[in-house]
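Listed below are the residues making up each chain.
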Amino acid sequence: MYKAVVIGGSAGSFQVITKILSSLPKNFPLPVLLCLHRLKHVRSGFVEALSIKSTIPIVEPYDKETIKPGKGYLAPSNYHMYVELNKRIALSTEEPVNHSRPSIDLTFETAAQAYRDKLVGIILSGANRDGAYGLKKLKHAGGLAIVQDPNECQVKTMTEASLKLTTVDHIFTTEQIISFLLKLK
Amino acid sequence: MNRYELGIVDTRNIIKTLQDVYNYDFKNYALTFFKRRVEKIITNHNLKDADGFIKKIETNKDFFEIFLQEMCVEDTEMFRDPSLWRVLKEELFPKIIHGAANFKIWFPEVSSGEELFSTAIILKKLNLLKNVQLITSSISELEIEKTKKGLFDPKKIEVNNPNFKRIFSEGELSDFYTHENDTAYWDTSLIENTKFIKQNIIFDDYPKGVKLVLFRNQMIYYNQILQERFIKIIYNSVVPGGHLIIGNHEKIDYWNSDKDYTLISKAESIYKKKLS
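Rules and cut-offs
- Residues numbered from 1 in each chain as written.
- Chains lettered and ligands numbered in written order.
- Predicted model: local features only at pLDDT ≥ 70, side-chain atom pairs only at ≥ 80, totals over all residues.
- Helix = DSSP H or I, 4+ residues; strand = E, 2+ residues; numbered from the N terminus.
- Buried ≥ 20, exposed ≤ 12 C-beta atoms within 10 Å, placed from the backbone.
- Contact = placed C-beta atoms within 7 Å.
- Expected span 1.5 Å × (residues − 1).
- Nonpolar A, V, L, I, M, F, W, Y, C, P; charged D, E, K, R; others polar.
- Pairing = 2+ DSSP bridges.
- Axes fitted to C-alpha atoms, helices over the stretch in contact; angles between N-to-C directions.
- Domains from an automatic or database assignment.
- Arc of directions from axis to C-beta.

Some thoughts on the environment of arginine 3 of chain B
Residues and elements named next belong to chain B. The residue arginine 3 is located in the segment before α1 (8-22) in this model. On the neighbour-count criterion, arginine 3 (13 C-beta atoms within 10 Å) is partly exposed. Each C-alpha atom, one on arginine 3 and one on asparagine 181, is 32 Å from the other, the two residues being 178 residues apart in sequence. In this view, arginine 3 contacts Glu39 and Thr43; residues no more than four positions away in its chain are not counted.

So, in C-alpha cells, the structure goes:
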C-alpha cells in the first residue's frame, strides 16, 4: 500500500542508515529517498560508502531521473532534492534551508506532495531542526511518520524537534525501524 | 512557521495569467520549483493567496519584473565545484582559447552573475580575457542591471574566498572586488566587453558561432520538454567542436543525443559538439 520511503538524518545517523540499508531484502518493493546532511566540498565517497553496505543499489540521481522501486536515491552534495508530482527527482541550488543543502524539510515536503498517504517518512539522529517541518507536512498529507527513539540517538536535537512539532505514528529503535520496513509489501 | 501553500489549480491559473498578460510561458518550468518560488513571493509581499498575486501582477509591470528576478535562482557562491574551475584553468581554457580572437563564451541564463565573474577572473589571471567575447542572457532585466554594476551580497565572501584558494595558490579574490560595510562590488572592468541580452524564456534571438556554453544548474528548474528545447537552441548556437558545460548532476540524454554531443568529462559534465 505504500509507494515510497523517505529518510532524513544528520549527525550520528550514518551507522543507523547503513544498518537499515544492509538489512533490506534485495527485492525491497519501494524506492528509498535519502536526505542526509553532508559535507559540501566532498562530492564523492559518500554514495560509495553507503553502497558497500547496502543490499539495494544507491545512486546520487541526475536531475529529472525517474524514481524506481528497489533503489535508493541519495541527495547529492550541495543540491536540494525534490520529488516532482510525476515521480521524478528534481534538483535545486536554491539557498540553504535550516543552514542545510540538501535540506530534509524540502525533500520530505515535496515527497509528501507527490506520494500523499502512500509515503513512509523516518527522521533519524541529527544536530539541527531540519526535517521537523517536513515530517509535519508528510503527516498532514496522510503519510506515516516515524521518528528514531531519541534515547538511542547519538544526537537528539532533530528527533526531539520533530516530536515537538508532530504527533508521530511510531517512535522506533533502529531494530524496530528495520522490522517495520521488512513487513512492507 | 506555516508558509502559504499553492494548490495545483491556483498554480495553473497563475501560469495562464503570465502567458495571457505578458506572453511569458512558464508551463514547462519544473512544477515544484515554480510553486515554491511563487509561494515565497506571496509570503514576502503579503499577497495572502493566489488571487492576490494574480491581481497584483496583472496590473503592475514593475511587480512582474520583480517576479522575473525571483525566478532567477541566485548563485550562492563563486567557483561552485572548484574541481571544474581547476580543469578550466589548467587544461581547457589554455588549450582552446590560447591564440584565438573573439572567442565567444555564452551564458544562456546568467542569473546572479557568479558564473560570469568566476569565468572572467580565471581568464584575466590566464591573460586570456582579451581573446574572449563574453555573452550573457537573462529573463530578468533587474538581474542584468545588478550584474552590470557588479553588485553582490558580501555574505557570500566567506564561501567565495576559500573556493578561490582551492583554485589559485597565488593572489587573493579580494584583488577583484571592493567591500564596504553592507555592499560589495566586483571589478566591472572584468566585464567591460561583456554583451548582455534580455530574453523571453524561449529565445527570440541567440548568439551564433559560440565556442563554449556555460549553463550549469539552470536547466534543473525546467521540465524535460523545456530542457530539450534549450539543448536544441544551444546546439544551433555552438560551432562544431565547441563545448557545453552543464551541472554535475545534469545530463544530455534526449533521443539520439550521442550523435550530437560527446561527453568528454563525466566528472565535470563537459560535452563537445560533434564535428558533423
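Some points on α1 of chain B
Here α1 of chain B spans 21 Å end to end across 15 residues, near enough to the 21 Å set by a 1.5 Å rise per residue. After α1 of chain B finishes, the residue asparagine 23 of chain B shows a positive phi value of roughly 60 degrees.

Some remarks on the interface of chain B and chain A
In this assembly, 14 residues from chain B lie in contact with 17 residues from chain A. Element by element, the count of residues in the side of chain B that touches chain A is highest for helix α2 (residues 31-44) of chain B, at 3 residues. Looking at the side of chain B that touches chain A residue by residue, the class counts come to 6 nonpolar, 5 polar and 3 charged.

Points about the sheet that holds strand β7 (residues 119-123) of chain A
Residues and elements named next belong to chain A. Spatially, 7 strands are ordered β3-β4-β2-β1-β7-β8-β9 in an open sheet, and the strand pairing comes out parallel. Each end of this open sheet is capped by a strand with a single partner; those strands are β3 (58-59) and β9 (170-172). As paired strands, strand β8 (residues 144-148) and β9 are joined by 3 bridges and run parallel to one another. Within β9, the residue paired with glutamine 148 across the bridge is phenylalanine 172. Helix α4 (residues 132-140) contacts β1 (4-9), β7 and β8 of the sheet and is inclined by roughly 155 degrees relative to β7. Strand contacts of helix α5 (residues 157-165): β7 and β8, with the helix running at about 145 degrees to β8, the strand carrying the most contacts.

Quick word on the domain arrangement of chain B
Residue and element names in this part refer to chain B. Under the domain assignment used here, chain B contains domain 1 (8-71) and domain 2 (82-273). Taking only C-alpha atoms into account, the centre of domain 1 sits 28 Å from that of domain 2. Across the contact, 10 residues belong to domain 1 and 12 residues belong to domain 2. It is helix α4 (residues 61-71) that provides the largest number of residues to the side of domain 1 that touches domain 2, a total of 4 residues. Partitioning the side of domain 1 that touches domain 2 into residue classes produces 6 nonpolar, 2 polar and 2 charged.

Details of helix α7 (residues 141-149) of chain B
All names here are of chain B. Within α7, the full set of buried residues consists of Glu143, Ile144 and Thr147. Within α7, the buried residues cover an arc of 100 degrees as seen down the axis, which keeps them to one side. Residues of α7 that are exposed and point more than 90 degrees away from the buried face comprise Glu145 and Lys149. On the buried face of α7, the contacting elements are α4, α6 (114-125), β2 (132-138) and β6 (195-198).

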